[in-house]
Amino acid sequence: MILPVNQLGLTAAAVGNHDLDLGEERARHLVDQCNFPWILSNVKMISGQAIAGSLDHIIVEHQGYKIGILGLAEEGWVQTLSQYNAAELDFSDPVDCGDRLSEALKKEQGCHLVIGLTHMRQNNDRRLARECQHIDLFLGGHDHIYYIDKIGKNLVVKSGCEFRNLSLIHLDPSD
């Protein structure tokens, strides 16, 4: 899958539970072959080491706008990891982590927009959209559904699974 995924021109991907099904070493090997970064902001090894070489966040420039991208997983996601001992993982609440990191990306790094790549259930994506003050768009995975919802000023989009759906989103940072 690495070759076709690398040809998609992805900017970033959130680490999902199935990306880790074969363990840390294999996941790191696959991540190293990708031409885009993998992001996971709120789950680390208890040692502080990133899971599978993932990054905490990235900042990209697009059409003159600075965009911060972070990755968030729910607590239940940790329980699905068959190759990891949950006691060896440091999990931070996604709302707390998302709010803190997105605020820093905007105030300290000058980002115009912050996108949260999530790997959690729909109800937790909705909680993030309600409670995170500085994330502008939530792009979710984990649920195998196509779903779009506007919650306050935030848009939550889940584009299904297995490349069956595609979402094209146009954002205007001046809104």
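Preceding this paragraph is the structure being described.
An account of the accompanying structure is given in this report. Small disclaimer: the values here were computed from a predicted structure and weren't measured.

## Focus: the side chain of Thr118
Line of reasoning, step 1. By the secondary structure assignment, Thr118 is in strand β7 (residues 113-120).
Line of reasoning, step 2. Reaching out from Thr118, the side chain makes a polar contact with the side chain of Asp125 at a distance of 2.6 Å.
Line of reasoning, step 3. Discounting residues that sit within four places of it in the chain, Thr118 has contacts with Leu72, Asp125, Leu128, Phe138, Leu139, Gly140 and Gly141.

## Things to note about unusual backbone geometry
Line of reasoning, step 1. Positioned with a positive phi, Ala52 is a non-glycine residue whose angle comes to about 55°.
Line of reasoning, step 2. Here Ala52 shows up in the loop between β3 (43-45) and β4 (57-62).
Line of reasoning, step 3. Residue Ala52 is classed as buried on the basis of its relative accessible area, which comes to 1%.
Line of reasoning, step 4. Positive phi values are uncommon outside glycine, yet Gln63 reaches one of about 50°.
Line of reasoning, step 5. By the element assignment, Gln63 lies in the loop between β4 and β5 (65-73).
Line of reasoning, step 6. Accessibility expressed as a relative area gives 67% for Gln63, which makes it exposed.

## Some words on helix α5 (residues 122-131)
Line of reasoning, step 1. Of the residues making up α5, those classed as buried are Asp125, Leu128 and Ala129. For α5, the arc enclosing every buried residue in end-on projection is 95°, short of the 170-degree limit, so these residues lie on one face.

## Quick notes on the pattern of salt bridges
Line of reasoning, step 1. Under the definition given, this model contains six salt bridges.
Line of reasoning, step 2. A salt bridge links Lys107 to Glu103; the nearest nitrogen and oxygen atoms lie 2.8 Å apart. In this pair, Lys107 and Glu103 both sit in helix α4 (residues 94-107), four residues apart, roughly one turn of the helix.
Line of reasoning, step 3. Classification of Glu103 as partly exposed rests on a relative accessible area of 30%.
Line of reasoning, step 4. Overlapping salt bridges, with partners in common, bring together Asp93, Arg127 and Glu131 in one network.

## A word on the packing of aromatic side chains
Line of reasoning, step 1. Evaluation of the coordinates by the stated rule reveals one aromatic pair.
Line of reasoning, step 2. Considering the side-chain rings of Phe36 and Trp38, the 5.7 Å spacing of their centres and the 35° angle between planes classify their relative orientation as tilted. Like Trp38, Phe36 is buried.

## Looking at α4
Because each turn of an α-helix spans 3.6 residues, side chains separated by three or four positions end up pointing in the same direction.
Line of reasoning, step 1. Compared with the 20 Å implied by 1.5 Å per residue over 14 residues, the 19 Å span of α4 between its first and last C-alpha is a close match.
Line of reasoning, step 2. For α4, the secondary structure elements touched by its buried residues are β4, β5, β6 (89-91), β7 and α5.

Scoring rules and cut-offs
Residues numbered from 1 in each chain as written. Predicted model: local features only at pLDDT ≥ 70, side-chain atom pairs only at ≥ 80, totals over all residues. Heavy atoms only, no water. Helix = DSSP H or I, 4+ residues; strand = E, 2+ residues; numbered from the N terminus. Polar contact = N/O pair within 3.5 Å; in protein donor to acceptor, adjacent residues only side chain to side chain. Contact = heavy atoms within 4.5 Å. Buried < 20%, exposed > 50% of the residue type's maximum accessible area, 1.4 Å probe, protein only. Arc of directions from axis to C-beta. Salt bridge = Lys/Arg side-chain N within 4 Å of Asp/Glu carboxyl O. Phe/Tyr/Trp six-rings, centres within 6.5 Å; stacked < 30°, edge-to-face > 60°. Expected span 1.5 Å × (residues − 1).

These values are about where atoms sit, not about what they do.
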